[in-house]
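Tertiary structure, described
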Amino acid sequence: MLTCRSVWRKLTPLARASSTLCRQNVRRAGFNNGRSVRVQTAHMSTGPAGGGGRQTQIYVLLVGAAAVGGGIYAYQTVKGDQQRYEERMAQMLSRSQKAAEQETAVPTQSEPPDVPETEPEAAPSSEEPISLASDSEAAAPTEPTEPLSAVESTPASAKIPSHAPYLLIGGGTASFAAARSIRARDPNARVLIVTDEPDLPYMRPPLSKELWFSDDSSVTETLRFKQWNGKERSIFFQPPSFYIQPEELDSAENGGVAVLTGKKVTHMDVRGNKVKLDDGTEISYNKCLIATGGVPRNLQAIERADEEVIKRTTLFRKIDDFKSLDNVSRNAKSITIIGGGFMGSELACALGRRSTESGLEVVQMFPEKGNMGKVLPEYLSNWTTEKVKREGVKVIKEALVKSVTFKDDKLEIQLKDGRLVETDHIVAAVGLEPNVDLAKSAGLEVDSDFGGFRVNAELQARSNIWVAGDAACFYDIRLGRRRVEHHDHAVVSGRLAGENMTGANKPYWHQSMFWSDLGPDVGYEAIGIVDSSLPTVGVFAKATAKDTPKAATEKSGTGIRSESETEDTAVSPVASTTPAAAVEQQRDNYGKGVIFYLRDKVVVGIILWNVFNRMPIARKIIKDGEEHADLNEVAKLFNIHED
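Computed from a predicted structure; not experimentally measured. (Residues numbered from 1 in each chain as written. Predicted model: local features only at pLDDT ≥ 70, side-chain atom pairs only at ≥ 80, totals over all residues. Heavy atoms only, no water.)

**Re the overall build of the protein**
- Helix and strand counts for the protein stand at 15 helices and 28 strands.
- Taking all 643 residues of the protein together, 49% fall into the buried category.
- Long-range contacts, defined here as pairs at least 24 residues apart, represent 72% of the contacts in the protein between residues at least 6 apart.
- Of the roughly 31400 Å² of accessible surface on the protein, a fraction of 50% belongs to carbon and sulfur atoms. (Helix = DSSP H or I, 4+ residues; strand = E, 2+ residues; numbered from the N terminus. Buried < 20%, exposed > 50% of the residue type's maximum accessible area, 1.4 Å probe, protein only. Contact = heavy atoms within 4.5 Å. Areas by Shrake-Rupley, 256 points an atom, 1.4 Å probe, with all protein chains shown as cover.)

Here it is, written out as structure tokens:
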């Protein structure tokens, strides 16, 4: 039917031309007679009247030639179409046979995902405030049941899509939370995550916490760990079957989330709505999230050192860093951790416990007077330092590194006060630098005080560009402009950015929390500005067996404590009637308690020391922003004096 129609379209101009020529000949014959054309009956058999015989013969010849030419053309056209049709059918048959052969050879490539994308999490109401009760879905999705490893990431031969409606740069917690949020509000959304790491999105906290306490010798391969409550889980948010392949992104009927691993975005064209990868590939987008996180800082003394020193130094951040340090701890005789903050103290405790079995010497040095001296008040910092020592760690306080050299198969750390420390390996845990490499090409503003991309209340840097996680410098309506480097902030900011990318237009007002554990027995949760240079008031009580991170996770059923928060505990807190005791009366017995950080007599930060699942109360106190005449009374809201 299509062939006949195409032939008819091609012959139509010839038919029209013949008709036009016929009418012109008739007019000429009439003009030659000087009157209207009248054909007499007697002349019909011999020719037209008025001397038009020659013209009629020419007309007949032209019409005949046109008919013959049209017939030849039609024949060739039909024959050509038939030949092309047969070739096309042969190609289609050949492709189907090849596809069948490939499916027979590799049957597992078409397995359906374990988590159907047609059933996304429920979209939150645009009028509801952001809370960690709803963020738990993004923080702790369905537990992966299949083994994971870096080699199970996106295949190197995967075709890179040229366009992604939602492009997320970075493969950390913020990106994953944003992807889940986008899919919740737009179930058919096509989301592409681009990460320079070889692994699928995973949570970072266990890398310096629970993984080190695993009894499984193959933990570096499985990356599964037991939480303090004894339950086992993977550090990966979802198994590979949750995601679709990047080459399937354009054709996926119900959309999905694809992860492009091992690729780095090196250039961003904001006006053209496209990015360039390190291999030169360009990807256009409709909306983009920058969640590039940060890179570990290093000491200048190490950066100036020779190659042998750099080879024996770990900047702890990723899965590969955990695997490398685990291997070093099993073979080296001594490891020195430089840094007294969260990461350094957690790793010191973890390696210290391992040292009791292997004989490994663990040294921790820092410029402050005690562990976490920039965060905790001095008395609690000193208590924490003693706790770290009891874990088998040699602590060197007020240590400023002057130089690091390699001599006689040992690293020599020369301190500015003349002390010399020899070690086999160094772990530099001296903070994080926000990754703002894309700022120059994208023309985005970087905050000069805190670092990171400056964003508005909706986490927007441009009309179709958002920033979340460690790389976002946002304005806190209570505490001013800030940049936060913690898991909970990555979850909440990523989720909110995803909602706003789908049109929610919600402001970021949530006070994110963070936590740190010095093993299963001592831990704390914090919120707001916790700076040891601020005035503090601490209220403590005697701890019981249930006042530990292990007991808290056993009660809540989760190892990521931010997931166990519920807003209803902050609605109508019931104060304890037991009298509070001042810090001075505790005589260094800091079993559990609350530390308030003040600025202009207003509470701007709170640490809950071995007090768990009370963070909504702390959040409400900071949100209210009121002066309190007696913080001992405020501490009763946390029920720290109850057994």
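**Things to note about the pattern of salt bridges**
- Counted according to the given criterion, the structure contains 24 salt bridges.
- Here R454 ties to D447 by a salt bridge, and the two come within 2.4 Å at their closest N and O atoms.
- Exposure remark for R454: the relative accessible area of 29% places this residue in the partly exposed category.
- Salt-bridge contacts for D624 lead to K620; the nearest nitrogen and oxygen are separated by 3.2 Å. Separated by four residues within a single helix, D624 and K620 lie in helix α14 (residues 615-624), roughly one turn from each other. (Salt bridge = Lys/Arg side-chain N within 4 Å of Asp/Glu carboxyl O.)

**Overview of the sheet that holds strand β10 (residues 313-314)**
- Strand order in this open sheet of five strands is β10-β17-β11-β12-β13, and the pairing throughout is parallel. The strands lining the two open edges of the sheet, one partner per strand, are β10 and β13 (393-396).
- Each of β11 (334-338), β12 (361-365), β13 and β17 (425-428) touches helix α9 (residues 342-358); the most contacted strand, β12, lies at about 160° to it. (Pairing = 2+ DSSP bridges. Axes fitted to C-alpha atoms, helices over the stretch in contact; angles between N-to-C directions.)

**Things to note about the environment of E248**
- Structurally, E248 is set in the loop between β4 (232-234) and β5 (256-260).
- In this structure E248 comes out as partly exposed when scored by relative accessible area, which is 35%.
- Residues E248 and A258 lie 10 residues apart in sequence; the distance between their C-alpha atoms is 8.3 Å.

**Notes on the packing of helix α4 (residues 173-185) against helix α12 (residues 487-501)**
- Remark: α4 packs on α12, axes separated minimally by 7 Å, with the N-to-C direction vectors making an angle of 35°. For the element pair α4 and α12, the recorded crossing hand is right-handed. Every residue of α12 that contacts α4 at T173, A174, A177, A178, S181, I182 and R185 is listed here: H487, A490, V491, G494, R495, G498, E499 and M501. (Left-handed = near helix turned anticlockwise from the far one by under 90°.)

**Side note on α12**
- With 15 residues, α12 should cover 21 Å at 1.5 Å per step; its first-to-last C-alpha distance of 21 Å lies within 8% of that length.
- Along α12, 15 of the 15 residues are buried, which leaves the element largely enclosed by surrounding structure.
- Just past α12, the residue G503 takes up positive phi, approximately 100°. (Expected span 1.5 Å × (residues − 1).)

**Points about the packing of aromatic side chains**
- This structure, assessed with the given rule, holds 13 aromatic pairs.
- Taking 5.5 Å as the distance between ring centres and 10° as the angle between the ring planes, the aromatic pair formed by Y524 and W609 counts as stacked. Of this pair, Y524 sits in strand β25 (residues 523-528) while W609 sits in strand β28 (residues 602-609), and the two are 85 residues apart along the sequence.
- Taking relative accessible area as the criterion, Y524 reaches 1% and is therefore assigned buried.
- Through a chain of ring-to-ring contacts, three or more aromatic side chains come together here, namely F342, W383, F514, Y524 and W609.
- A cation sits over an aromatic face here: R390 above W383, 6.0 Å from the ring centre. (Phe/Tyr/Trp six-rings, centres within 6.5 Å; stacked < 30°, edge-to-face > 60°. Lys NZ or Arg CZ within 6 Å of the ring centre and 35° of its normal.)

**A short note on the nonpolar core**
- Of all hydrophobic cores here, the largest spans 109 residues; its most connected members are I235 and W609.
- A541, M615, V634 and A635 belong to the second-largest nonpolar core, a separate cluster that totals 22 residues. (Core = buried A, V, L, I, M, F, W, Y, C linked by side-chain atoms within 4.5 Å.)

**A closer look at the sheet that holds β25**
- Sheet architecture is open: five strands sit in the order β24-β25-β28-β27-β26, paired in antiparallel fashion. Single-partner strands in this sheet number two, and they are β24 (513-517) and β26 (536-541). Here the strands of the sheet are splayed against their neighbours by 15° on average, with no regard to which way each runs.
- Pairing between β25 and β28: five bridges, direction antiparallel.

**Here's the deal with the pairing of strand β6 (residues 265-269)**
- As judged from the four bridges shared by β6 and strand β7 (residues 274-277), these two strands associate in the antiparallel manner. By the bridge assignment, H267 is partnered in β7 with K276.
- Following β6, the chain reverses through four residues before pairing antiparallel with β7; N273 in that reversal takes a positive phi of roughly 55°.

**A short note on helix α10 (residues 378-390)**
- The end-to-end C-alpha separation of α10 is 19 Å, in line with the 18 Å expected for 13 residues at 1.5 Å each.
- Contacts made by the buried residues of α10 are with α9, β12, β13, β26, β27 (592-599) and β28.
- Once α10 finishes, G392 follows within two positions and takes phi at roughly 95°, a positive value.

**With respect to the environment of G280**
- Looking at where G280 falls in the secondary structure, it is placed in the loop between β7 and β8 (282-290).
- Sequence spacing of G280 and H267 is 13 residues, and the spatial spacing of their C-alpha atoms is 9.6 Å.

**Remarks on the side chain of S516**
- Along the polypeptide, S516 turns up in strand β24.
- Among the residues examined, S516 registers a relative accessible area of 1% and is labelled buried.
- There is a polar contact of 2.7 Å between the side chain of S516 and the side chain of E346. (Polar contact = N/O pair within 3.5 Å; in protein donor to acceptor, adjacent residues only side chain to side chain.)

**Focus: the environment of Y243**
- Mapped onto the elements of the fold, Y243 is located in the loop between β4 and β5.
- For the pair formed by Y243 and G256, sequence separation is 13 residues and the distance between their alpha carbons is 6.9 Å.
- In this structure Y243 touches F176, L200, P201, Q238, V257 and V259, once residues within four positions along its chain are discounted.

**Some words on the pairing of strand β2 (residues 190-194)**
- Of all five residues in β2, four are buried; the element is thus mostly enclosed.
- Where strand β1 (residues 163-169) and β2 come together, four bridges link them in parallel fashion. Its bridge partner being in β2, I169 is matched across the sheet by V194.
- Each parallel crossover has a hand, and for β1 linked through α4 to β2 it is right-handed.
- The pairing of β2 with β5 spans five bridges and is parallel. Within the sheet, the bridge partner assigned to V194 lies in β5 and is L260. (Right-handed = clockwise from strand over helix to strand, strands pointing away.)

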